[in-house]
Amino acid sequence: MAGSVLAPVPASTAPAAKSRVRRSLRSRRTRSGLLNGAPIVVYMLVLFVYPILSTLFLSVKGVHGGLTLHWYADALSGANLAVLLTTLRISAETSLISVVIGFLLAYAVSRLRPLWAGLVMLIIVVPHFISALVRTYGWIILLGDHGVVNSVLVDLHVPGAPFQLLYNEIGVIIGTTSVMLPYTVLLLYAVMRGVDRRLLAAAASMGAGRLVMFRRVYLPLVAPGLVNATVLSFILCLGYYLTPALMGGARQTVVAALIDDEVMKQNQWNGAAALGVILLVLTFAGLSLLRLARAIGASARQRGAA
Amino acid sequence: MRSQRGSGPGAGALAGSGKSLSVSGLRKTYAGVVAVDEVSMEIEAGEFVTFLGSSGSGKTTTLMMIAGFVEPDSGVIKVGRRDVTRLAPQKRGLGFVFQQYLLFPHMTVAENIAFPLQLRGLSKAEVRRQVGQVLEMAGLEGYGRRRPRELSGGQQQRVALCRALVYRPPVILMDEPLGALDKKLRDQLQTEIKKIQRELGLTVIYVTHDQEEALVLSDRIAVMRDGLIDQFDTPRELFERPRTAFVADFLGAANFLPGRLENHTDEHSLVRLDHGALVRARPHPLAPGHRVRAAVQPGRLGLCAPADGFCTGTVETVTYVGTLVRVGVRPAGAESPIRLELPAGRAPVTGEQVGLTADPGDVTLFGDEEGR
């Protein structure tokens, strides 16, 4: 972002380029553009570029000065590696479950009349505006051994009740899924609303049953939304801290919690920085995966055409 | 009637797939309002039938009931001898061409056309062969790999047409398929649709509000109004023997000349028009003395010397429309001019006194209060 704003400043010393810059700087538009752009450039430099660069620097700085990859080796081995894998696992589980539930929800809403659809969307999205802390405690109250869910299950004499629904992976997944759901529903709903239902009528007129209609017409049309929703919720999950910390057990420690622990308890900034950079890289990897998926989709279509 | 040029490439394999269709007592109401009222008709195999009417006439609702997208309140729909009234659209096996094309945007042209064939479990080679065949027939060779959005509206509708006929449905339904295209393209596609329909012997039911289009395409036209069929006949019969004033008006914008039924001869009914002229018309059962309207198409009126016609008037307007002239002649004492369509070579001059002639067989009488 900052790079593109700064881009016009040339590194070349060629006279032609120099005179072009001078001419460009003489123009009113360029000067007022630079003036208007300056605050945001400064803002981004101070609050975005500088912290990231300093984090990068911290993550490779040795205890006694000099550069080292020690912190990365540390972050990617032993218990820390396990935490990283846990984070990936929880993110994958959450994004898959929230996309499946989000798909069903969004589909149901997209079939409602506009007024009802708006109302239901409001109900789905409003919790998102409530503090995640409050929501998480809400879940804790609901899911505890003597919480509403378990009391009902016990009263119904469900075998095995009360279940352990907190301080384990189930608890974390329930919590994070509820946080991600508004995103996936919103994304999928927008895509589904854009699908021309008459295409399904066209498919029916040619003899397609419901299953074929869904598989060959509806699903391909909403597929981009599914990919987007999966990757987005995966990325959001990667750096998510609160719910896993409050609703998970020791085995559900995620990278964000580990960073918190290193900084707040061990005052170990270098290790924390390395973990942060790894999260950042994973996020970029997720985004690249999204682009890759799109490219594969496009080329598959090309091949299908050939 | 087969095309003189014979079958197009590969047409033989697709030919003769059309079946008959019968509709009886079809009725549909929406919230108590009658949309289609007891519509019955027999459509023969290989026939091109058009439902013609303005919006709200029930033509589209009738088509949707035949397709299965709208469930009738009562009535029976049969394709060939098979009763399909309660079947889901996908079980009827009909073809449908929509006004909005509705090609699948995520598939190529070839994949779109292959879709119904794949549903029918044809082998890959067979699908490819048949897709190639219809693409060639529609003049779309080389477009198979394109996406629908890369094609023009006319091309998209050609693809939609291919997709609807490639699996040889017994009846193809078309809902204003050319409604979104411009005039020139519409004319061109009309010719193509008609040619393909004839060559393959397709049974087509076509919905339109454009009477010219209906006349060009159809073997028979069902003129619909308020959920009822006013008349179901060949274009010629509709023109020459309109059964209702609405049909006469809708199909040719007929002149309606008010008058009083004066007398019946053996062959004609005589009408005294309000501005004094006496005109001979096709016989009408009403008794002399009744108020009637004499309907005559602008193209069926001729000019003659002032004294020779059934009435005399002054030429008010002369408008050239291509090879035709539209002429307005106002008889003395008439409220509005009588409209004529003449070959451009026979145009009169404005202000000229002329006589009007009409073959009595072209003048149809309607009772004044006659609704239908």
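Residues numbered from 1 in each chain as written. Chains lettered and ligands numbered in written order. Predicted model: local features only at pLDDT ≥ 70, side-chain atom pairs only at ≥ 80, totals over all residues. Heavy atoms only, no water.

Examining the domain arrangement of chain B
Okay, so step 1: When cut into domains, chain B gives domain 1 (11-94 + 169-240) and domain 2 (253-367).
Okay, so step 2: Placing a centre on the C-alpha atoms of domain 1 of chain B and another on those of domain 2 of chain B gives a separation of 35 Å. (Domains from an automatic or database assignment.)

Structural notes on the sheet that holds strand 2 (residues 33-43) of chain B
Each strand in a sheet pairs with its neighbour through backbone hydrogen bonds, running either in the same direction (parallel) or in the opposite one (antiparallel).
Residue and element names in this part refer to chain B.
Okay, so step 1: Across the sheet, four strands lie side by side as 2-1-4-5; this open sheet has antiparallel pairing. Whereas interior strands pair on both sides, the edge strands pair on one side only; in this sheet they are strand 2 and strand 5 (82-83).
Okay, so step 2: Where strand 1 (residues 21-30) meets strand 4 (residues 74-79), five bridges bridge the pair, whose relative direction is antiparallel. Across the sheet, leucine 21 pairs through a bridge with valine 79, a residue of strand 4. (Pairing = 2+ DSSP bridges. Helix = DSSP H or I, 4+ residues; strand = E, 2+ residues; numbered from the N terminus.)

Description of the environment of Arg149(B)
Residues and elements named next belong to chain B.
Okay, so step 1: Along the chain, arginine 149 falls in the loop between helix 5 (124-137) and helix 6 (153-165).
Okay, so step 2: Through-space distance from the C-alpha of arginine 149 to that of threonine 62 is 31 Å; in sequence the pair is 87 residues apart.
Okay, so step 3: Apart from the residues lying within four places of it in its own chain, the contact partners of arginine 149 are Pro105 and Gln156. (Contact = heavy atoms within 4.5 Å.)

Re a positive patch on the surface
All names here are of chain A.
Okay, so step 1: Positive charge collects at one region of the surface, where Lys18, Arg20, Arg22, Arg23 and Arg26 lie side by side.
Okay, so step 2: If you trace the backbone, arginine 22 turns up in helix 2 (residues 15-26).
Okay, so step 3: The class for arginine 22 is exposed, based on a relative accessible area of 51%. (Patch = residues over 30% accessible without salt bridge, like charges linked within 9 Å, V, L, I, M, F, W, Y side chains within 5 Å. Areas by Shrake-Rupley, 256 points an atom, 1.4 Å probe, with all protein chains shown as cover. Salt bridge = Lys/Arg side-chain N within 4 Å of Asp/Glu carboxyl O. Lys, Arg positive; Asp, Glu negative; His and termini not counted. Charge placed at Lys NZ, Arg CZ, Asp CG, Glu CD. Buried < 20%, exposed > 50% of the residue type's maximum accessible area, 1.4 Å probe, protein only.)

Structural notes on a nonpolar patch on the surface
All names here are of chain A.
Okay, so step 1: A cluster of nonpolar residues, Phe48, Ile52, Leu53, Leu56, Leu280, Phe284 and Leu287, forms a patch on the protein surface that exposes about 600 Å² of accessible area.
Okay, so step 2: Those elements giving two or more residues to the nonpolar patch turn out to be helix 3 (28-59) and helix 14 (269-305).
Okay, so step 3: Per element, the largest residue contribution to the nonpolar patch is four residues, and it comes from helix 3.
Okay, so step 4: Given a relative accessible area of 38%, leucine 56 falls into the partly exposed group.

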